[in-house]
Amino acid sequence: MTETDTDDSDQTDAADEQPVTVTDTADRPVGNNGDDGDSDDGRSVVEYLQWGALAVLAIVAVFATFRFYFAVSATVETFVTYRYRSLFMAGFNLVVLLACGIGISAVVRRLS
């Protein structure tokens, strides 16, 4: 054996040692991980518009709730005699408090 023969046998081809795998990316579903190219965090413009609409509707709902509460208070003052106003207002406030408690409880269950 010559010295050049041993050098050729010691050197191995890197392509022979590691198998080449080909993956087809066309079969992969496009998820919300940024691969779809809409934006950097995977959210589309439509999703941002939906969140914006939800925020606007929530603000309007809060405003309408306050207006309803004060309208009911004025109605009680108008149609209920002075003697029973505090009783009616206590009942109405209790119903509002229970509805808020149920809503808060439902939101906390969904978040946890």
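What comes next concerns the included structure.

What counts, and at which threshold
- Every chain's residues receive numbers from 1 upward, in the order its sequence appears when written.
- Local features are withheld for residues below a pLDDT of 70 in this predicted model, meaning they are given only at 70 or higher, and side-chain atom pairs are given and counted only at 80 or more; totals for whole chains, interfaces and linings count all residues.
- Note: side-chain values were computed over all heavy atoms of the structure, leaving out hydrogens and water.
- Helix and strand definitions follow DSSP, with helices as H or I runs of at least four residues and strands as E runs of at least two, each counted in order from the N terminus.
- Expected span, for any helix, means 1.5 Å times one less than how many residues it has.
- Categorising residues by exposure relies on relative accessible area from a 1.4 Å probe, with only protein chains included: less than 20% of the type maximum marks a residue as buried, more than 50% marks it as exposed, and the intermediate range marks it as partly exposed.
- Should any heavy atoms of two residues lie within 4.5 Å, those residues are counted as being in contact.
- Surface patches are drawn from residues lacking salt bridges whose relative accessible area is over 30%; two like charges belong together within 9 Å, two nonpolar side chains (Val, Leu, Ile, Met, Phe, Trp, Tyr) within 5 Å.
- Method for areas: the Shrake-Rupley scheme with a 1.4 Å probe, in which residue coverage is limited to the protein chains shown.
- Salt bridges are defined by distance alone: a side-chain nitrogen of Lys or Arg within 4 Å of a carboxyl oxygen of Asp or Glu.
- For helices, the fitted line uses only the C-alpha atoms of the stretch in contact; every axis is such a line through C-alpha atoms, and the angle between N-to-C directions lies from 0 to 180 degrees.
- Relative orientations are named as follows: roughly parallel for angles under 35 degrees, roughly antiparallel for angles over 145 degrees, roughly perpendicular for angles from 65 to 115 degrees, and oblique for any other angle.
- Note on convention: the crossing is left-handed when the near helix lies turned anticlockwise from the far helix by less than a right angle, right-handed when the turn is clockwise.
- Gly falls in the polar group here, along with every residue not listed as nonpolar (Ala, Val, Leu, Ile, Met, Phe, Trp, Tyr, Cys, Pro) or charged (Asp, Glu, Lys, Arg).

Now for helix 3 (residues 45–79). For helix 3, with 35 residues, the first-to-last C-alpha span of 50 Å sits near the 51 Å given by 1.5 Å per residue. The set of residues buried in helix 3 consists of Val72, Ser73 and Val76. Residues of helix 3 that are buried in the fold lie against helix 4 (85–111).

Further remarks concern a nonpolar patch on the surface. Together, Val62, Phe66 and Phe70 give the surface a local cluster of nonpolar side chains, amounting to about 330 Å² of exposed area. You can see phenylalanine 70 is positioned in helix 3.

Another aspect to go through is the packing of helix 3 against helix 4. When two helices pack together, their arrangement is given by the angle between their axes and by how far apart the axes lie. Interaxial distance between helix 3 and helix 4 falls to 10 Å at its minimum, and their mutual angle equals 160°. Considering the angle they form, helix 3 stands roughly antiparallel to helix 4. Both helix 3 and helix 4 take part in a crossing whose hand is right-handed. Judged by residue contacts, Phe68, Tyr69, Val72, Ser73, Val76 and Glu77 of helix 3 engage Arg85, Phe88, Met89, Phe92, Asn93 and Val96 from helix 4. Taken together, the residues of the contact of helix 3 with helix 4 break down into 8 nonpolar, 2 polar and 2 charged.

Glancing now at the pattern of salt bridges. Applying the stated rule across the entire model yields 1 salt bridge. For glutamate 47, the salt bridge is made with arginine 43, and the minimal N-O distance between the two is 4.0 Å. Overall, glutamate 47 belongs to the partly exposed group, its relative accessible area being 25%. For arginine 43, a relative accessible area of 36% gives the class partly exposed.

Take it as geometry only, folks, not as evidence of what the structure does.
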